[in-house]
Amino acid sequence: MLKFIVKKLLMMIPMLLLISFIVYFGLQLTGIDPINFMVSPEMLSANKENVEALRESLGLNDPLIIQYFRWLGNCLHGDLGYSFDGSSIASIIAVRLPYTFELAGYSLVLSAVIGIGIGIISAVRQNGIIDYVGRVLAVLGQAVPQFLVGIILIQVFAIKLGWFPSANRVSPDATNAFVDAFKHLFLPVLTLTICMVAVLMRYARNTMLDVLNSDYIKTARSKGIPEWKVYLKHGFRNAMKPVLVILVFRIPMLVGGSVVIESVFSYPGIGLTMTNAIVSADYPIVLITTLIIAAAMLICSFMVDVFNALLDPRVRLGE
């Protein structure tokens, strides 16, 4: 198992390098000149010699491949550079990244509890009210895009009812920071949760139905075991293994979806930081935030592989 984990970790290194290479050269091809953001238009036209000297001192006249490896070396030493407005990218990431983890973490836990819970109840009470309502909600949750769900929630709960704020993480005049943070988190977390619950609900229901129709469940019932114990001890435990795999598989999509949701709710995480940087053509921040999101996706995929290997030895043996 250790050999399998080390192999997967080593495979992430060239993938990250390849992503950084593609993103770096792709941004360079946009033609954005950092000098235009560092020097006023008057100085660009009046002091061309000084501007050229500045360009030379920053290494912007070097070939792109040299600039790339210089940037990569700085990143490996912990120097993420500066944005075009002079802010340290490392300090920006240190503030914004925990907000994204907070949003994704709450959504993951909430969607797991609700999705698996309703899915199991729908299977146990097949063709009941909860089952029919759950199936309808599952279809809607998968069919409607995340950003549209977010916009609908803003229209209903923020604009019409005024129960929750529609932007930011905290209010400037908040008296209770915990309550205020909860109100700001509620709608974006609910948006991500709705989209994840739809998949988990359907999968948990179908898996539980397959387990309840198994021979060992019929044998347990024939022995006179109480029905609740059949559901909990024999059905639930065996149905959860494949459902947990699906839950882990959804984590990369949750990370990617948080980028869209942060933009919809103006939530100050990494996704909104990257979106604003793209709009303002601040490519040093775009580069770093893209790599962070790519690294998060790779780590989530790594977790999926390890989880699969733990459940199925054939995976780590390469079969």
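Every value quoted in this text rests on a predicted model; they were computed, and no experiment measured them. Throughout, residues of each chain are indexed from 1 in the direction in which the sequence is written. The predicted nature of this model means local features are confined to residues of pLDDT at least 70 and side-chain atom pairs, given and counted, to a pLDDT of 80 or more, with totals for whole chains, interfaces and linings taken over all residues. Computation of side-chain values covers all heavy atoms of the structure but excludes hydrogens and water.

Draft legend 1. Inspection of the side chain of Thr193 at higher detail. Counting through the fold element by element, Thr193 comes out in helix 9 (residues 177-212). Residue contacts are counted whenever heavy atoms from the two residues lie within 4.5 Å of one another. Setting aside chain neighbours within four positions, we find Thr193 in contact with Ser107, Leu110, Ser111 and Ile114. The helix count covers DSSP runs of H or I at least four residues long, the strand count covers runs of E at least two residues long, and both are numbered beginning at the N terminus.

Draft legend 2. A look at the side chain of Thr273. Following the sequence through the fold, Thr273 ends up in helix 12 (residues 270-279). Under the scheme applied here, a residue whose accessible area is under 20% of the maximum for its type counts as buried, over 50% as exposed, and between as partly exposed, the area being computed with a 1.4 Å probe on protein chains only. Assessed through its relative accessible area of 6%, Thr273 is described here as buried. With near-sequence residues (within four places) excluded, Thr273 lies in contact with Ile92, Arg96, Ile285 and Thr289.

Draft legend 3. View of the packing of aromatic side chains. A pair of Phe, Tyr and Trp rings is counted when the ring centres sit within 6.5 Å of each other, with Trp represented by its six-membered ring. The angle between the planes then sorts it: under 30 degrees is stacked, over 60 is edge-to-face, the rest tilted. Using the criterion set out here, one finds 13 aromatic pairs in the structure. Where Tyr99 meets Tyr267, the ring centres are 6.5 Å apart and the plane angle is 65°; that geometry is what we call edge-to-face. Of this pair, Tyr99 sits in helix 6 (residues 89-124) while Tyr267 sits in the loop between helix 11 (227-265) and helix 12; the two residues are 168 residues apart in sequence, bridging distant segments of the chain. On the basis of relative accessibility, which here comes to 22%, the residue Tyr99 falls in the partly exposed class. Taken together, the ring pairs in this structure connect Phe21, Tyr24, Phe25, Tyr68, Phe69 and Trp71 into an aromatic cluster.

Draft legend 4. Region of the structure containing a nonpolar patch on the surface. Residues Phe147, Leu148, Ile151, Ile152, Val156, Leu161, Trp163 and Val260 make up a contiguous nonpolar surface patch of roughly 700 Å² in combined accessible area. The element best represented in the nonpolar patch is helix 8 (residues 146-160), accounting for five residues. Looking at the element boundaries, Ile151 is found in helix 8. Since its relative accessible area comes to 39%, Ile151 is described here as partly exposed. Two joining distances apply to patches: 9 Å for like charges and 5 Å for nonpolar side chains (Val, Leu, Ile, Met, Phe, Trp, Tyr), and every residue must have over 30% relative accessible area and no salt bridge. Note on areas: Shrake-Rupley, 1.4 Å probe, and residue coverage restricted to the protein chains presented here. When a carboxyl oxygen of Asp or Glu lies within 4 Å of a side-chain nitrogen of Lys or Arg, that pair is called a salt bridge.

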